[in-house]
Amino acid sequence: MKTILMKFQGPLQSYGTDSHFETRHTDDHPSKAAVIGLIAAALGIRREETDKLRQLHNLRMVVRVDQVGQMSKEFQIAAKYKKTGDHERNYVTYRYYLEDAVFLVAVEGKDDLIDHIYDALKRPYFQIFYGRRSCPVNYDFLIGLYEGEAIKQIQKQPWMASDWYRKRRLRQEKVRLDVYGDLVCMPEERQKILRRDQPVSFSQKGRQHELRFECHKNMWIVNPDYITPNIQTSHDAFTPLMEEEYVSEQS
């Protein structure tokens, strides 16, 4: 069993699992459909090639939220045309994004498949994105290839938040991070929800996704920038007691 580690960090990311018509929402952490889609693009799998996509079905995923992103919304004007090619109307679409978020993503699977995926991620066939085409990946998104389970590799990695974000927590010796993963990776966790983001087909004629159980837990990571409080005071708690004892002796 091998694990690929990736750092999802960029100005904008978007992971919609419940979007309809003109409003395109985003979840607060990467969906499995987005991660599998990124891998499929790197491998050169086209949207209609559902048989090839099925080879990635058994990949397991764990996500650690190293830096919580802020939600932002924009609107775009789209044009609709008739079958004859004539313009019918314009309409406004609303799209949601995550700004300044950082996620540590671990993908686990069989050795041969993971080796093949890792090589493809270093030289992707198609351009890869964080959910949408307007969200390209950062140049150093690929951390490395490791032996062992995804959840164990997640626990070994240092905190990867941005410098400005870490400065806000200089007084915290350890930071608490949210971790989300497949049920098979975190079977002991009781907090789990159903999430419809297991991709079956990315075909534009009819995208299909299955339900999967996603577990959640908190993980404590050592803060490398922790500053020990320097408490200096001239107050001595025993001084009043010593003064009372001296007065009693003199009397």
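Bear in mind the structure is a predicted one, so any value in this text is a computation, not a measurement.

The next point concerns the pattern of salt bridges. Side chains that carry opposite charge are capable of pairing whenever their charged atoms lie near each other. For the structure on display, the rule yields 15 salt bridges. Note that Lys-52 is salt-bridged to Glu-49, the shortest N-O span being 3.6 Å. Its relative accessible area of 25% is what places Glu-49 among the partly exposed residues. The residue Asp-197 makes a salt bridge to Arg-212 at a minimum N-O spacing of 2.6 Å. With a gap of 15 residues between them, Asp-197 in strand 8 (residues 192-201) and Arg-212 in strand 9 (residues 208-222) connect regions that are remote in the sequence. A single network of salt bridges, built from pairs that share partners, joins Asp-27, Lys-32, Asp-182, Arg-195, Asp-197, Arg-212 and Glu-214.

In this section: the packing of aromatic side chains. Taken as a whole and judged by the stated rule, the model has 5 aromatic pairs. Judged by centre distance (6.4 Å) and plane angle (80 degrees), the ring pair of Tyr-15 and Phe-103 falls under edge-to-face. Of this pair, Tyr-15 sits in the loop between strand 1 (2-13) and strand 2 (23-24) while Phe-103 sits in strand 5 (residues 87-109), and the two are 88 residues apart along the sequence. Summarising the burial analysis for this pair, Tyr-15 and Phe-103 share the class buried. Centroid distance Trp-164 to Tyr-165: 5.7 Å. Interplanar angle 90 degrees. Geometry classified as edge-to-face. For Trp-164, a relative accessible area of 41% gives the class partly exposed. Three or more aromatic residues link up through ring pairs in this structure, and these residues are Trp-159, Trp-164 and Tyr-165. Positioned above the aromatic ring of Tyr-97 is the side chain of Arg-132, whose terminal nitrogen or guanidinium carbon lies 5.0 Å from the ring centre. Here Arg-169 stacks its cationic end above the ring of Tyr-165, 4.2 Å away from the centre of that ring.

In this section: the packing of helix 1 (residues 32-43) against helix 3 (residues 111-122). Put simply, helix 1 and helix 3 touch, their axes get as near as 8 Å, and they point 75 degrees apart. Between helix 1 and helix 3, the angle falls in the class roughly perpendicular. On the side of helix 1, the interface is formed by Leu-38, Ile-39, Ala-42 and Leu-43, while helix 3 contributes His-116, Ile-117, Ala-120 and Leu-121. For the contact of helix 1 with helix 3, a count of residues per class yields 7 nonpolar, 1 polar and no charged.

Let's shift gears to the layout of surface pockets. Looking at the largest pocket, its volume works out to about 1,500 Å³. Lining the largest pocket are 40 residues, with Arg-47, Gly-131, Arg-132, Phe-202 and Arg-207 sitting closest to its centre. Among the elements of the structure, helix 1, helix 2 (50-53) and strand 5 are those that each provide at least two residues to the lining of the largest pocket. Looking at the lining of the largest pocket element by element, the count peaks at 6 residues for helix 1. The class makeup of the residues in the lining of the largest pocket is 15 nonpolar, 14 polar and 11 charged. As a volume, the second largest pocket reaches approximately 170 Å³. As for the second largest pocket, its lining consists of Met-1, Gln-55, Asn-58, Leu-59, Arg-60, Glu-108, Gly-109, Lys-110 and Leu-113. Across the lining of the second largest pocket, the residue classes tally to 3 nonpolar, 3 polar and 3 charged.

A few words on the environment of Pro-187. Here Pro-187 lies in the loop between strand 7 (174-182) and strand 8. In the structure, Pro-187 is positioned 28 residues away from Cys-215 in sequence and 8.0 Å away in space, judged by C-alpha atoms.

Here we come to helix 3. If you check helix 3, its first and last C-alpha atoms are 17 Å apart, about what 12 residues at 1.5 Å a residue would give, namely 16 Å. Restricting attention to buried positions, one finds in helix 3 the residues Ile-114, Ile-117, Tyr-118, Ala-120 and Leu-121. Projected down its long axis, helix 3 carries its buried residues within an arc of 165 degrees, all on one side. On its buried side, helix 3 packs onto strand 1, helix 1, strand 5 and strand 6 (142-147).

Here we take up the nonpolar core. If you look at the biggest cluster of nonpolar residues, it comprises 37 residues, and the most contacted ones within it are Met-6, Phe-8, Leu-56, Phe-103 and Val-105. Looking at this core, the elements that each hand over two or more residues are strand 1, helix 1, strand 3 (60-67), strand 5 and helix 3. The dominant element in this core, judged by the number of residues it contributes, is helix 1, at 8 residues. Discounting residues that sit within four places of it in the chain, Met-6 has contacts with Val-35, Leu-38, Phe-103, Leu-104, Val-105, Val-107, Leu-121, Phe-141, Leu-142 and Ile-143. Core analysis: the second largest hydrophobic core is formed by 20 residues, Ile-154, Trp-159, Met-160 and Cys-215 among them.

Calculation criteria
Residues numbered from 1 in each chain as written. Predicted model: local features only at pLDDT ≥ 70, side-chain atom pairs only at ≥ 80, totals over all residues. Heavy atoms only, no water. Salt bridge = Lys/Arg side-chain N within 4 Å of Asp/Glu carboxyl O. Buried < 20%, exposed > 50% of the residue type's maximum accessible area, 1.4 Å probe, protein only. Helix = DSSP H or I, 4+ residues; strand = E, 2+ residues; numbered from the N terminus. Phe/Tyr/Trp six-rings, centres within 6.5 Å; stacked < 30°, edge-to-face > 60°. Lys NZ or Arg CZ within 6 Å of the ring centre and 35° of its normal. Axes fitted to C-alpha atoms, helices over the stretch in contact; angles between N-to-C directions. Parallel < 35°, antiparallel > 145°, perpendicular 65-115°, else oblique. Contact = heavy atoms within 4.5 Å. Nonpolar A, V, L, I, M, F, W, Y, C, P; charged D, E, K, R; others polar. 1 Å grid on protein atoms, 1.4 Å probe; cavity = no way out; pocket = protein on both sides within 12 Å on 5 of 7 lines; lining within 4 Å. Points joined across faces, edges and corners; volume = space filled by probe spheres on them. Expected span 1.5 Å × (residues − 1). Arc of directions from axis to C-beta. Core = buried A, V, L, I, M, F, W, Y, C linked by side-chain atoms within 4.5 Å.

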